[in-house]
Amino acid sequence: MFQETSQSTVPAFLHKRKSETVGYQRTHRLDLGFSHRVLHVVGTALRVTLNRSAPPKCKFFSVKCTPTVQYTIVPSPQDSNHHSPIPLKDNTVLLITMKHASEFENDSKLSLRYYGEDKEVLGRAGLYLTAVEVSLDVDADRDGVVEKNNPKKASWKWGPDGHGAILLVNCDSERTYWKKPDTEHKYVSKVSDLKDMSPMVLRTKGPAKLPDGYKLTLHISQSDAESVRIFRAKSGEGDNVILSQNSIYHFLMRDYPLVLSTDVLSQEVPYLGNNGELKFYVEGLRFLDKDFDGMVTINVSLLEPISKSLPETPIFTDKVVFRVAPWIMTPNTLNPVEVFVCSTRDNYKFLKSMTRLVDSSGYKLKVCHEYMNRGDRWMQDELEFGYIDSPHQGFPVVLDSPRDGKLRDFPYAEILGPDFGYVTRVAEREDVSSLDSFGNLEVSPPVTVNGKNYPLGRIIIGVAFPTATKGRNMTKVVQDFLWAQKVQEPVALFSDWLVVGHVDEFMTFVPAPDRKPITYTNNPSPTGICVMMLGLGEYTIENGPSNFCWQGFRLLLASPDAGYKLFRGLKNDGHGQAKLFEGLEQETQITVDELLDDEQLQAENSYVQSCIDWNRDVLKRELGLDDDDIIDLPILFKLVGDGDVFRALAYYPDMVNMIVLGKNLGIPKPFGPKVNGRCSLEAEMCSLMGGLGLNCTFIDDFASYHKLLGEVHCGSNVRREAFGFKWWNIKM
């Protein structure tokens, strides 16, 4: 049955529907004397320019359609008489829509009549319509569930009111032997690997099958294919299927076939009909970098046949957008999970002290033995721990430095594994410098700077002074990688004045409950928004996974001025003959008086202090700190020459180069002058840190680390919990 419709029936409703739900209009031709069979996608409109198909001398037209079809006429005719033919203008357009999917092919119809000046019929044209729903869906609202046809799925926005799906780089290894990152497999290695991929669902509704010749095609661009692979679930989830070891590979290849990759940019996918859902798994292949902003677009198109000898043409495309999750570093204020150290033939005392400290602090200790480290003890320099996160999955990821010492196999061989990812950057030149070791890579706690929030802190690296002609710098590929992550905007300090050249030789952060508290409560407010106090600023985010509080912090800086002040105080109190390095058999002892009389050493430390003061000003400016946020530690340095270049070393064990385990600090034992049987440098550290509620443990690393130009922090590494704050809630 047909109903004849003109603008007098439901024009307001039709115009409202057009403006609210019809986002895409597809031009369609009518042929006089024919009725075309047309596949229509719900949510779009067929746009017919009536004058193109009208017969000569046509002045009027009328439209009839079944109740399942809606249309509107543009421009709207003035005559609202339901039964009268409508005047045809040069620009008259018919917009045809359908609200619901069809149950059967060609179950809806629209017909037109064309009239002459005397209302005589000049010709007819018609459409048999089959309506389908096609929606490519992702978790665009970031709640861990793939919702249906989110209107914002094709764009990406930062912030608590943002949207857009998130993609993880599948950089862990489901295998524990013969392993390599899962990104290097062009297949699903285990069913457990699917949780590291982002779900994507193709939802269709309509007849049991598409009309002959029509097909659905999933496709990506050639550039995006370098960053993503797509697998399809062929026969359901498969998560509960029990597999024999012999059949697992063939099962996974069969039930999770690869759909799109660099080799295949476009592939037909099944139309399931009725209320079908076809599940895909999207795998991220590479991290953000200088040449990749992290954005990936995936499309599904409905193709219409023209003839058997001609290619199909697209009549509808739906698309979704993903952003690849950044690699995120973790500051000292986050809770530790496990501590890593090396065992060497000469560090037994150090290892014993570290074991006692870690055990008493309640954390795990992992020891890299000499068969793996081959005498390379610098655990901090070889790697940096971070993590990646999404609403559906997250896991730690180790960044392997380009230094490639004898520890170079450890991150890949021992850390890479199930739910523990691996990433590295290879230097473009072979002349990697000491500044490429990750004692030269730190991150601040969350800060607010001039009203701008950095809820994940800011990365800190060391480079050469801008005017240096023979300076060393962190290699460009690592700097490019760090800057590309965006969420922890790096700060560059001047560290090339040091022999080793690492920022951890003159600075660190410790938790401090009395300064810059950062709290986040997850108790929903009436508006569903929570408020996070971030330093002196305020930051609002959506309800997160749990309640948590980020501790305040203090910046600790090495300070020759503080060192000389302490030693002058000792002299004034009558302790000028107290000796440094007492108890170290192979070290020349020196009294406080002798130290203070060494004018050359004072001049060298004046230079060092000026270098540290430069960095102090940079840190205050870039982290939004004031002097009360900084504690100066009494540490002296000395200069050593390499040709005409002089750089600094710690004069005694560098106490700022510590390990931070919650409220417990593992500090290099400084072997300072003793007063009443107690090391005055240790006493000063305990006084400074005790005021923050922190406990000091002094670890003898003199022979096994200090004399080799490193300290406690250089010889250890800490994997920490991830931030409770979600990176996608940052306001960019």
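What counts and how
Each chain has its residues counted from 1, following the order in which its sequence is written. This being a predicted model, a pLDDT of at least 70 is required before a residue's local features are given, and a value of 80 or more before pairs of side-chain atoms are given or counted; all residues contribute to the totals for chains, interfaces and linings. With hydrogens and water stripped out, all remaining heavy atoms of the structure feed into the side-chain values. The helix and strand labels rest on DSSP assignments: H or I over at least four residues marks a helix, E over at least two residues marks a strand, and numbering proceeds from the N terminus. Residue contacts are defined here by distance: any two heavy atoms, one from each residue, within 4.5 Å place the two residues in contact. Using a 1.4 Å probe, the Shrake-Rupley method yields the accessible areas, and only the shown protein chains count as cover for residues. Should DSSP find at least two bridges between two strands, the strands are taken to pair. Where helices are involved, their axes are fitted lines through C-alpha atoms of the stretch in contact, as for all axes, and angles between N-to-C directions lie from 0 to 180°. For the handedness criterion, the strands are oriented away from the viewer, and a crossover whose path from the first strand over the helix to the second runs clockwise is classed as right-handed. In the analysis that follows, any N or O atom pair within 3.5 Å is treated as a polar contact, provided that within protein one partner can donate a hydrogen and the other can accept it, and provided that, for residues neighboring in sequence, both atoms belong to side chains. Exposure is judged per residue with a 1.4 Å probe applied to protein chains only, and the accessible area is read against the type maximum: over 50% gives exposed, under 20% gives buried, and values in between give partly exposed. Geometric relationships in this document are graded by angle, where less than 35 degrees denotes roughly parallel, more than 145 denotes roughly antiparallel, 65 to 115 denotes roughly perpendicular, and other angles denote oblique. Amino acids are sorted into nonpolar (Ala, Val, Leu, Ile, Met, Phe, Trp, Tyr, Cys and Pro), charged (Asp, Glu, Lys and Arg) and polar (every other residue, Gly among them). Only residues whose relative accessible area exceeds 30% and that form no salt bridge are eligible for patches; like-charged ones are grouped when within 9 Å, while nonpolar side chains (Val, Leu, Ile, Met, Phe, Trp, Tyr) are grouped when within 5 Å. Put simply, a salt bridge is a Lys or Arg side-chain nitrogen that is within 4 Å of an Asp or Glu carboxyl oxygen. All tallies of charge rest on Lys and Arg as positive and Asp and Glu as negative; His and the ends of each chain are not included. Where a charge lies is defined by one atom per residue type, namely NZ (Lys), CZ (Arg), CG (Asp) and CD (Glu). In a left-handed crossing the near helix is turned counterclockwise from the far helix by less than a right angle, and in a right-handed crossing that turn is clockwise. Expected helix span is computed as 1.5 Å times (number of residues minus one). Working note: the arc is built from the helix axis to C-beta atom directions. Think of a nonpolar core as a cluster: buried Ala, Val, Leu, Ile, Met, Phe, Trp, Tyr and Cys residues, connected wherever their side-chain atoms sit within 4.5 Å.

Below, the discussion takes up the overall build of the chain. Broken down by element type, the chain carries 13 helices and 47 strands. Taking as baseline every contact in the chain between residues at least 6 positions apart, the subset at least 24 positions apart corresponds to 75%. About 31,500 Å² of surface is accessible on the chain, with carbon and sulfur atoms providing 49% of the total.

Strand order in the open sheet formed by 3 strands is β31-β36-β39, and the pairing between neighbours is mixed. For this open sheet the edge positions go to β31 (507-511) and β39 (630-634), each flanked by a neighbour on one side alone. Going across the sheet, the axis of each strand differs from the next one's by a mean of 30°, ignoring polarity. As defined by bridge partners, β31 adjoins strand β36 (residues 553-559) across 5 bridges and the pair is classed as antiparallel. Across the sheet, residue Val510 finds its bridge partner in β36, namely Arg554.

A separate point is the pairing of strand β22 (residues 364-368). Looking at chain direction, strand β21 (residues 336-342) and β22 are connected through 5 bridges and run parallel. Residue Phe340 lies in a different strand from β22, and its bridge partner there is Lys366. Assessed by its sense of winding, the connection that carries the chain from β21 through helix α5 (residues 348-361) to β22 is right-handed.

So, about the sheet that holds strand β19 (residues 313-324). Taken in spatial order, the 5 strands line up as β11-β19-β18-β13-β16 in an open sheet, and their pairing is mixed. Looking along the sheet, the strands with just one partner apiece sit at the ends: β11 (165-167) and β16 (266-269). In this sheet, adjacent strand axes meet at a mean angle of 35° when their direction is disregarded. Looking at chain direction, strand β13 (residues 215-219) and strand β18 (residues 295-304) are connected through 5 bridges and run antiparallel.

Tracing the backbone through its elements, the reader meets Lys179 in the loop between β11 and β12 (198-206). When the C-alpha atoms of Lys179 and Ala413 are compared, they prove to be 8.3 Å apart, with 234 residues separating the residues in sequence. The residues touching Lys179, leaving out its near neighbours within four places in the chain, are Ser173, Tyr412, Ala413, Glu414 and Leu416. Within the local environment of Lys179, its side chain forms a polar contact with the backbone oxygen of Ala413, the two atoms lying 2.8 Å apart. Here the side chain of Lys179 touches Leu416 through a polar contact of 2.5 Å, landing on its backbone oxygen.

Moving on, we get to the pairing of strand β43 (residues 664-668). Within β43, 5 of the 5 residues are buried, which leaves the element mostly enclosed by the surrounding structure. Bridging between strand β42 (residues 659-661) and β43 involves 3 bridges; their strand directions are antiparallel. Across the sheet, residue Leu661 finds its bridge partner in β43, namely Asn664. The turn linking β42 back onto β43 is made up of 2 residues, and Gly662 within it adopts a positive phi angle of 65°.

The geometry of helix α10 (residues 560-572) relative to helix α12 (residues 599-623) is characterised by a closest axis approach of 8 Å and an angle of 135° between their N-to-C directions. Taken together, the axes of α10 and α12 lie oblique to each other. On α12, the residues that touch Pro560, Asp561, Tyr564 and Arg568 of α10 are Leu601, Gln602, Asn605, Val608, Gln609 and Ile612. Counted by class, the contact of α10 with α12 contains 5 nonpolar, 3 polar and 2 charged residues.

A cluster of acidic residues, Glu594, Asp597, Asp598 and Glu599, forms a negative patch at the surface. In this fold, Glu599 is placed in helix α12.

Close contact between α10 and helix α13 (residues 680-690) brings their axes to 11 Å; oriented N to C, the two are set at 120°. When the axes of α10 and α13 are compared, the pair comes out oblique. Where α10 crosses over α13, the handedness of that crossing is right-handed. For the pair α10 and α13, contact is made by Leu566, Phe567 and Leu570 and by Ser680, Leu681 and Glu684, respectively. For the contact of α10 with α13, the residue count by class is 4 nonpolar, 1 polar and 1 charged.

A separate point is α5. End to end, α5 covers 20 Å across 14 residues, agreeing with the expected 20 Å (1.5 Å per residue, within 8%). Those residues of α5 not exposed but buried are Phe350, Leu351, Ser353, Met354, Leu357, Val358 and Ser361. Along the axis of α5, the buried residues cluster in a sector spanning 165°; they form a single face. Looking at α5, the residues exposed on the side facing more than 90 degrees away from the buried face are Tyr348, Lys349, Arg356, Asp359 and Ser360. Along its buried surface, α5 packs onto β21, β22, β42, β43, β46 (695-699) and β47 (716-720). The positive-phi residue at the C-terminal boundary of α5 is Gly362, with phi of around 85°.

All right, on to the nonpolar core then. Ranked by internal contacts, the top residues of the largest apolar core, which has 75 residues, are Met200, Leu218, Ile298, Leu482 and Trp727. Element by element, the count of residues in this core is highest for β19, at 6 residues. Other than its neighbours up to four places away in sequence, Leu482 contacts Trp327, Leu399, Leu441, Ile459, Ile461, Met474 and Pro490. Formed by 67 residues, the second largest nonpolar core is a distinct cluster that contains Leu493, Phe553, Val675 and Cys679.

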